[in-house]
Amino acid sequence: SANLETLIEELKDENTRSELFHLVSYFENLALGITHHYFDESIAKALLFNVVISSFKSLKPYLLIRRDETNLMVGSNFEKLANKWSTT
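Small disclaimer: the values here were computed from a predicted structure and weren't measured.

Engineer: Please explain the overall build of the protein as it appears in this structure.
Structural biologist: Helices and strands together make up the secondary structure of the protein, namely four helices and zero strands. Secondary structure elements in the protein, listed N-terminal to C-terminal, are α-α-α-α. Taking 88 residues into account, the globule formula puts the C-alpha radius of gyration at 12 Å, and the protein, at 13 Å, falls close to it. In terms of its C-alpha atoms, the protein occupies a principal-axis envelope of roughly 40 × 20 × 20 Å. Partitioning the intrachain contacts of the protein with sequence separation of at least 6 by distance along the chain shows that 65% fall at a separation of at least 24.

Definitions and cut-offs
- Throughout, residues of each chain are indexed from 1 in the direction in which the sequence is written.
- It should be noted that, the model being predicted, local features are given only for residues of pLDDT at least 70 and side-chain atom pairs only at 80 or more, the latter also being counted only at that level, while totals for whole chains, interfaces and linings use all residues.
- Neither water nor hydrogens contribute to the side-chain values; these are computed over all heavy atoms in the structure.
- Note on conventions: DSSP H or I runs of at least 4 residues are helices, E runs of at least 2 residues are strands, and numbering of each starts at the N terminus.
- With the radius of gyration taken over C-alpha atoms, the globule rule is written as 2.2 Å times the number of residues to the power 0.38.
- Should any heavy atoms of two residues lie within 4.5 Å, those residues are considered in contact.

Right, dumping it as C-alpha coordinates:
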(Lines give C-alpha, C1' and ligand atoms only; values in the text may rest on other atoms or scores of the structure.)
Protein backbone atom coordinates (compact mmCIF):
# COMPACT_ATOMS: atom_id res chain seq x y z
CA SER A 1 0.00 0.00 0.00
CA ALA A 2 1.29 3.43 -0.89
CA ASN A 3 -0.01 6.94 -0.94
CA LEU A 4 -1.47 8.02 -4.25
CA GLU A 5 1.33 10.34 -5.32
CA THR A 6 4.00 7.73 -4.60
CA LEU A 7 2.05 5.06 -6.43
CA ILE A 8 1.55 7.25 -9.50
CA GLU A 9 5.29 7.90 -9.56
CA GLU A 10 6.13 4.20 -9.14
CA LEU A 11 3.79 3.27 -12.00
CA LYS A 12 6.08 5.15 -14.37
CA ASP A 13 8.44 2.19 -14.00
CA GLU A 14 7.41 -0.52 -16.47
CA ASN A 15 8.65 -3.34 -14.21
CA THR A 16 6.53 -2.14 -11.30
CA ARG A 17 3.53 -1.69 -13.58
CA SER A 18 4.03 -5.20 -14.99
CA GLU A 19 4.41 -6.81 -11.57
CA LEU A 20 1.24 -5.16 -10.27
CA PHE A 21 -0.62 -6.12 -13.44
CA HIS A 22 0.35 -9.78 -13.01
CA LEU A 23 -0.57 -9.77 -9.34
CA VAL A 24 -4.02 -8.35 -10.06
CA SER A 25 -4.43 -10.79 -12.95
CA TYR A 26 -3.75 -13.71 -10.61
CA PHE A 27 -6.48 -12.64 -8.21
CA GLU A 28 -8.85 -11.73 -11.05
CA ASN A 29 -8.40 -15.22 -12.55
CA LEU A 30 -8.89 -16.83 -9.14
CA ALA A 31 -12.13 -14.89 -8.67
CA LEU A 32 -13.39 -15.79 -12.15
CA GLY A 33 -12.56 -19.46 -11.55
CA ILE A 34 -14.54 -19.41 -8.31
CA THR A 35 -17.47 -17.56 -9.90
CA HIS A 36 -17.70 -20.12 -12.70
CA HIS A 37 -17.22 -23.09 -10.34
CA TYR A 38 -13.90 -24.06 -11.89
CA PHE A 39 -12.25 -23.74 -8.46
CA ASP A 40 -13.81 -24.90 -5.23
CA GLU A 41 -14.53 -21.74 -3.25
CA SER A 42 -14.37 -23.38 0.17
CA ILE A 43 -10.88 -24.76 -0.51
CA ALA A 44 -9.68 -21.48 -2.05
CA LYS A 45 -11.06 -19.55 0.90
CA ALA A 46 -9.43 -21.86 3.43
CA LEU A 47 -6.08 -21.44 1.67
CA LEU A 48 -6.17 -17.83 0.52
CA PHE A 49 -8.64 -15.88 2.68
CA ASN A 50 -6.09 -13.60 4.34
CA VAL A 51 -4.06 -13.20 1.15
CA VAL A 52 -7.08 -12.13 -0.91
CA ILE A 53 -8.34 -9.66 1.69
CA SER A 54 -4.99 -8.07 2.50
CA SER A 55 -3.91 -7.97 -1.14
CA PHE A 56 -7.12 -6.26 -2.18
CA LYS A 57 -6.69 -3.63 0.53
CA SER A 58 -3.13 -3.00 -0.62
CA LEU A 59 -3.95 -3.01 -4.34
CA LYS A 60 -7.13 -0.92 -4.23
CA PRO A 61 -5.29 2.38 -4.96
CA TYR A 62 -3.64 0.72 -7.98
CA LEU A 63 -7.01 -0.55 -9.19
CA LEU A 64 -8.53 2.92 -8.89
CA ILE A 65 -5.67 4.43 -10.91
CA ARG A 66 -5.96 1.76 -13.62
CA ARG A 67 -9.72 2.20 -13.79
CA ASP A 68 -9.24 5.92 -14.25
CA GLU A 69 -6.58 5.36 -16.94
CA THR A 70 -8.56 2.77 -18.90
CA ASN A 71 -12.22 3.56 -18.16
CA LEU A 72 -12.57 -0.18 -17.47
CA MET A 73 -13.46 -1.94 -14.23
CA VAL A 74 -9.99 -3.42 -13.78
CA GLY A 75 -10.00 -6.11 -11.09
CA SER A 76 -13.75 -6.02 -10.55
CA ASN A 77 -14.04 -9.78 -9.98
CA PHE A 78 -11.15 -9.65 -7.51
CA GLU A 79 -12.93 -6.79 -5.72
CA LYS A 80 -16.24 -8.70 -5.58
CA LEU A 81 -14.50 -11.75 -4.13
CA ALA A 82 -12.61 -9.73 -1.52
CA ASN A 83 -15.79 -7.92 -0.50
CA LYS A 84 -17.73 -11.18 -0.35
CA TRP A 85 -15.13 -12.88 1.80
CA SER A 86 -14.77 -9.82 4.03
CA THR A 87 -18.41 -10.05 5.03
CA THR A 88 -18.43 -13.77 5.79
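Next, the rest of the story.
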